[in-house]
Amino acid sequence: METVRFIIHRKAAFAGSLLPYNIYINGQFVGTIKNGKTLNIDVPKSDVYYLEDNNAFERNAVISNCNLSEYHILLKRAGGWRTASYNEFYMDNGQQTDSLPSFHFEKFMNAVYGDSADELSSDELLLAFCLEFWNGITDDIQEILASVHLTQMVDALQRIGVTIYADLLLQILNELFPNIALPLSDEQIDQMYNRIFKANKLIWNNEDLAWDELRKVVVKHITNKLINKENVY
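Residues numbered from 1 in each chain as written. Predicted model: local features only at pLDDT ≥ 70, side-chain atom pairs only at ≥ 80, totals over all residues. Heavy atoms only, no water.

**A look at the sheet that holds strand β5 (residues 48–52)**
- An order of β3-β2-β5-β6 is seen for the 4 strands of this open sheet, with the pairing classed as antiparallel. Each end of this open sheet is capped by a strand with a single partner; those strands are β3 (28–33) and β6 (60–64). Taking each pair of neighbouring strands and ignoring which way they run, the sheet shows an average axis angle of 20 degrees.
- Looking at chain direction, strand β2 (residues 21–25) and β5 are connected through 2 bridges and run antiparallel. Its bridge partner lying in β5, Tyr24 is registered against Glu52. (Pairing = 2+ DSSP bridges. Helix = DSSP H or I, 4+ residues; strand = E, 2+ residues; numbered from the N terminus. Axes fitted to C-alpha atoms, helices over the stretch in contact; angles between N-to-C directions.)

**Considering the nonpolar core**
- If you look at the biggest cluster of nonpolar residues, it comprises 55 residues, and the most contacted ones within it are Phe57, Phe103, Ile141, Leu157, Tyr165 and Phe177.
- Every element with two or more residues in this core is listed here: β5, α1 (106–113), α2 (122–137), α3 (141–145), α4 (150–160), α5 (163–176), α7 (193–205) and α8 (207–225).
- At 9 residues, the largest contribution of residues to this core is made by α2.
- By size, the runner-up hydrophobic cluster in this structure holds 21 residues, among which are Val4, Ile25, Val43 and Ile73. (Core = buried A, V, L, I, M, F, W, Y, C linked by side-chain atoms within 4.5 Å. Buried < 20%, exposed > 50% of the residue type's maximum accessible area, 1.4 Å probe, protein only.)

**Remarks on the pattern of salt bridges**
- For the coordinates displayed, the defined rule picks out 7 salt bridges.
- When salt bridges that share partners are traced, they join Lys107, Glu124 and Glu230 into one network. (Salt bridge = Lys/Arg side-chain N within 4 Å of Asp/Glu carboxyl O.)

**So, the pairing of β5**
- Within β5, 5 of the 5 residues are buried, which leaves it mostly tucked inside the rest of the structure.
- By the bridge criterion, 5 bridges tie β5 to β6 in an arrangement that is antiparallel. Considered in β6, the bridge of Leu51 is made with Ala61.

**Observations concerning the confidence of the model for the chain**
- Residues at a pLDDT of 70 or more form 99% of the chain, whose mean pLDDT is 94.
- The element-level mean pLDDT for the chain is lowest in strand β8 (residues 83–92), coming to 87, with α5 highest at 98. (pLDDT = per-residue confidence, 0-100.)

**Quick notes on α4**
- Among all positions of α4, only Leu150, Met153, Val154, Ala156, Leu157 and Ile160 are buried. One side of α4 carries all its buried residues, which in axial view fall inside an arc of 165 degrees. Structural note: α4 exposes Thr151 and Arg159 on the side pointing more than 90 degrees away from its buried face.
- Positive phi shows up at Gly161, right after α4, with a value of about 105 degrees. (Arc of directions from axis to C-beta.)

**Quick look at the side chain of Asn87**
- Relative to the helices and strands, Asn87 resides in strand β8.
- Taking relative accessible area as the criterion, Asn87 reaches 4% and is therefore assigned buried.
- Side chain to side chain, Asn87 and Asp53 meet in a polar contact 2.8 Å long.
- Sequence-distant contacts of Asn87, defined by excluding residues within four places in its chain, comprise Tyr21, Asp53, Arg59, Leu75, Lys76 and Arg77. (Polar contact = N/O pair within 3.5 Å; in protein donor to acceptor, adjacent residues only side chain to side chain. Contact = heavy atoms within 4.5 Å.)

**Focus on the environment of Phe14**
- With respect to the secondary-structure elements, Phe14 resides in the loop between β1 (3–10) and β2.
- Between the C-alpha atom of Phe14 and that of Asn35, which follows or precedes it by 21 residues, the distance is 8.8 Å.

**Some details on unusual backbone geometry**
- In the segment running from Leu182 into Pro183, the intervening peptide bond is cis, with an omega of 5 degrees.
- Tracing the chain through its elements places Pro183 in the loop between α5 and α6 (186–191).
- With a phi angle near 60 degrees, Asn65 is a residue other than glycine that sits in the positive phi range.
- With respect to the helices, strands and loops of the structure, Asn65 is situated in the loop between β6 and β7 (70–80).
- For Asn65, a relative accessible area of 76% puts it in the exposed group.

Next comes the structure, spelled out in structure tokens:
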């Protein structure tokens, strides 16, 4: 298998200095980088490289149409003090550093929460409903059970290949909420606290493997289907 090398340097900064950052390339964990340190890794050669840190589906960088054997990446901390801090990715060619474009998720999040999902293509819809699931599951399973897009989320997870979460969600629906009208209302949520707690526990017990699969599959869908000028800038 042909590989390329990534040399990622994290510029020393006060904001977030005590926090190590997990780095992922094309959905695969490649290492942890500390403040002021450098990470050297070899990854499979690809037409597109999607880089992200701990903040899945929020902060990222996209490299495409570059046939290099070695990529020098600079990770800078932005914000801080009175505002939230976050990482930015730069390409460093030794003479200058250029900010890398990123994949933007606003259109997809706005579609499901602004009720404009019918404006998206089929591939875009799969991403949008997977993102809604991700956003809900990081909070509480009741967010998923109370969503008007519950059926679409299950279908999107299955079609895109997120099998662990899809199976867990179907198990929850079949075993804990059989013959219950869904999505759940606020009143039902209050009445079914014990069932919701059991559902959350089932998710928590499988969280690591399920989350890892979700990240990899969604990133693969993005890099295979949705890398274009409309989404990457």
